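# Close look at the chain arrangement
Listed below are the residues making up each chain.
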Amino acid sequence: MDMRCPSCERRVDPKAETFPFCCTRCRQVDLYRWLSGDMGLEHLDDPDPDPESGAEP
Ligand SMILES: [Zn+2]
């Protein structure tokens, strides 16, 4: 049986801790994608909005 990571489509060991993903990173990427698609957010790439940075005159 040849399982593939849904994120990067690399081969994954079914016994892997991160199954069905090849690694934690791919799992997060897929979760992130799922969340943004489900919630329709478009500003997730803004990591830490700093209120003071936009307060300059
Ligand atoms: Zn992967």
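Residues numbered from 1 in each chain as written. Predicted model: local features only at pLDDT ≥ 70, side-chain atom pairs only at ≥ 80, totals over all residues.

A few words on the overall build of the chain. Along the backbone of the chain there are one helix and two strands. When the elements of the chain are put in sequence order from the N terminus, they spell out β-β-α. Of all 57 residues assigned to the chain, the portion counted as buried reaches 9%. A separation threshold of at least 6 residues defines the contact pool for the chain, and within that pool the share at least 24 residues apart is 3%. (Helix = DSSP H or I, 4+ residues; strand = E, 2+ residues; numbered from the N terminus. Buried ≥ 20, exposed ≤ 12 C-beta atoms within 10 Å, placed from the backbone. Contact = placed C-beta atoms within 7 Å.)

When pLDDT is low, close inspection of the predicted coordinates is not appropriate. Summing up the model confidence of the chain, the mean pLDDT is 81 and the portion of residues at 70 or higher is 68%. Within the chain, helix α1 (residues 24-39) has the poorest average pLDDT of any element, 87, and strand β2 (residues 11-12) the best, 95. (pLDDT = per-residue confidence, 0-100.)

Right, let's get into unusual backbone geometry. Residue Pro 20 is bonded to the preceding Phe 19 through a cis peptide linkage, with omega at 5°. Along the chain, Pro 20 falls in the loop between β2 and α1. With phi around 65°, Glu 9 is a residue other than glycine that occupies positive phi space. Looking at the secondary structure, you find Glu 9 in the loop between β1 (3-4) and β2.

Here we come to the environment of Cys 8. Structurally, the position occupied by Cys 8 is in the loop between β1 and β2. Sequence separation between Cys 8 and Cys 26 is 18 residues, and the spatial gap between their C-alpha atoms is 7.0 Å. Non-local contacts of Cys 8, meaning those with residues more than four positions away in its chain, are made with Cys 22 and Cys 26.

Time to look at the environment of Arg 4. Turning to its location among the elements, Arg 4 is positioned in strand β1. In this structure Arg 4 comes out as partly exposed when scored by C-beta crowding, with 13 C-beta atoms within 10 Å. Each C-alpha atom, one on Arg 4 and one on Phe 19, is 9.4 Å from the other, the two residues being 15 residues apart in sequence. Excluding residues that lie within four positions of it along the chain, Arg 4 makes contacts with Glu 9, Arg 10, Arg 11 and Val 12.

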